[in-house]
Amino acid sequence: MSTSLANRFRLPMAKTLRVIHLVFIFVFALTTFLFWQQGQLFSHGYRTSQLSHLESVIARIESKAQYKVDNLRYLKRIFIEAMDDPLFPGVATVPSEITGDVGDSPLWVRELPLPDTLTEDSAFHGEDALQVRQQLYALRKIQGLFPLATGANELTADLYYISRDGEFIVSLSQEMNSLLVSSYNPHVEQGSFVLASPLLNPQREPFWTRQNIAKTDDTLVNAAIPVDFRGEWIGLLGIAFENDAVQKFLAASLPEDTQSAYQLFDERLIPLTGTVGSANQFQLTAKHLQTIRQMLEVSSRGTMRDGSVFITFGRVVGTRSVLISTQTLSQGLHEDFGRFSILLIAMWGIFVLFLWGSHRVICRLVRNMGS
């Protein structure tokens, strides 16, 4: 009689425990799914935040670059008007006459290493002598505007002029003049003169180039605009930026307390600057760059993940460059979304512990009641 009664109680107790197990499993699965959904929202917010930071840096670079290009356009217009000045002196002027102190700063003039370079006598006393004198006169007249066009704040640069027929280069900085001459290569397909030709640039728009300095690992970043006079292409006005200047400006353009490493690349994804911001040991491989190159063909902005490293990239419109930022997991944990993620995981862990403890207590209580 007692054995039969015990079996009656044992069967409902087993069913009750089974129901309790199923209920707790359901609560665990539902809560874990809700936490996972919240994690997905944090992940989307983190991606948006990284893109927003990158966008702010790109916007500042583009704004400053456009300002420099607008200065070039303005200076080009004044330069052409100065060449067409009816008071233009008819006396021949050679480069040596404007290398001394004229106004506030001297103009440095050097010949370019072009194939079949003309001698000074033939260059300045031949049939093109008048146009050469006009160019030198106009440069001498507007040289006081050179510092205003380049600016000394944030993104320092040097303005220069390259004559197409006279085959000379003029700038205020002797050092920059030497760097431009050593980096000038008329045989390079993407060289300044090739991109300034009417055939490749019929709209006569400004353009950006990158020139390697001979026998060094340094480069010059150039903004240039073709100069036409009376329907004839006569030269090139440009602004040259050294790597150090670009890198300092990039560092100054980053968000405060950034936890990402930023680096500027040219359109072929060759580094233009070193890494600035919050440095990490991560190095972009050829595979990473190839993936970024393919993604940029579809969209001007993008993100990708490689293990614990999050990579954000975007085109800098107008300068033909690409900005890439990288952030490791340890760096990301120091940002708001990283701290929120840690808090979310901690809350999920605490909930699981409470759920497991409640399950143990209720199961023991049911067994005691059954006994």
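**A short note on the side chain of Asn 71**
Inference 1: Looking at the element boundaries, Asn 71 is found in helix H1 (residues 2-83).
Inference 2: Note on Asn 71: relative accessible area 15%, which makes it buried.
Inference 3: Other than its neighbours up to four places away in sequence, Asn 71 contacts Leu 148 and Ala 149.

**Quick word on the confidence of the model for the protein chain**
The predicted structure's coordinates, where accompanied by low pLDDT, should not be read in detail.
Inference 1: Averaged over the protein chain, the pLDDT score is 75; the fraction of residues at 70 or greater is 77%.
Inference 2: The least confident element of the protein chain, judged by mean pLDDT, is helix H2 (residues 120-125) at 44; the most confident is helix H8 (residues 286-296) at 90.
Inference 3: Below pLDDT 50 for its whole length, residues 114-127 participates in 28 contacts with residues either more than four positions away or in separate chains.
Inference 4: A low-confidence stretch, residues 186-190 stays under pLDDT 50, and its non-local contacts, those more than four residues away or across chains, total nine contacts.

**Focus on the packing of aromatic side chains**
Inference 1: The full count for this structure, using the stated rule, is four aromatic pairs.
Inference 2: Between Phe 28 and Trp 348, the aromatic rings sit 6.4 Å apart at their centres with planes inclined by 50 degrees, giving tilted as the arrangement. Residue Phe 28 is located in helix H1, and its partner Trp 348 is located in helix H10 (residues 336-370); the two are separated by 320 residues in the primary sequence.
Inference 3: Using a relative accessible area of 35% as the deciding quantity, one classes Phe 28 as partly exposed.
Inference 4: Accessibility expressed as a relative area gives 31% for Trp 348, which makes it partly exposed.
Inference 5: Judged by centre distance (5.8 Å) and plane angle (15 degrees), the rings of Trp 208 and Phe 241 are stacked.

**Some words on H8**
Inference 1: All of the buried residues along H8 are His 288, Leu 289, Ile 292 and Leu 296. Summarising the axial view, the buried residues of H8 lie within an arc of 95 degrees, below the 170-degree limit, and thus occupy one face. Facing away from the buried side of H8 by more than 90 degrees, the exposed set consists of Ala 286 and Lys 287.
Inference 2: As for H8, its buried residues are in contact with strand E7 (261-266), strand E9 (301-306), strand E10 (309-316) and strand E11 (321-327).

**Brief notes about the environment of Gln 143**
Inference 1: Topologically, Gln 143 is positioned in the loop between helix H3 (129-142) and helix H4 (146-150).
Inference 2: Overall, the relative accessible area of 7% leaves Gln 143 in the buried class.
Inference 3: Distance from Gln 143 to Leu 172, taken between C-alpha atoms, is 8.0 Å for residues 29 residues apart in sequence.

**Comments concerning the nonpolar core**
Inference 1: Counting residues in each nonpolar core, the largest one holds 44 residues, and the members touching the most others are Phe 79, Leu 159, Tyr 161, Phe 241 and Leu 323.
Inference 2: Tallying contributions element by element places H1 first for this core, with 12 residues.
Inference 3: In this structure, Leu 323 is in contact with Leu 54, Val 57, Ile 58, Leu 250, Tyr 262, Gln 263, Leu 264, Thr 312, Phe 313, Gly 314 and Val 316, ignoring residues within four places of it in sequence.
Inference 4: Judged by nonpolar contacts, the second largest core, of 16 residues, contains Met 176, Leu 179, Leu 236 and Ala 240.

**Details of helix H7 (residues 243-252)**
A turn of α-helix holds 3.6 residues, and therefore any two residues three or four places apart point the same way.
Inference 1: When H7 is considered as a whole, its buried residues turn out to be Asn 243, Ala 245, Val 246, Phe 249 and Leu 250. Projected onto a plane normal to the axis of H7, the buried residues spread over an arc of 165 degrees and lie on a single side. Among the exposed residues of H7, those pointing more than 90 degrees away from its buried face are Asp 244 and Lys 248.

The rules behind the values
- Residues numbered from 1 in each chain as written.
- Predicted model: local features only at pLDDT ≥ 70, side-chain atom pairs only at ≥ 80, totals over all residues.
- Heavy atoms only, no water.
- Helix = DSSP H or I, 4+ residues; strand = E, 2+ residues; numbered from the N terminus.
- Buried < 20%, exposed > 50% of the residue type's maximum accessible area, 1.4 Å probe, protein only.
- Contact = heavy atoms within 4.5 Å.
- pLDDT = per-residue confidence, 0-100.
- Phe/Tyr/Trp six-rings, centres within 6.5 Å; stacked < 30°, edge-to-face > 60°.
- Arc of directions from axis to C-beta.
- Core = buried A, V, L, I, M, F, W, Y, C linked by side-chain atoms within 4.5 Å.

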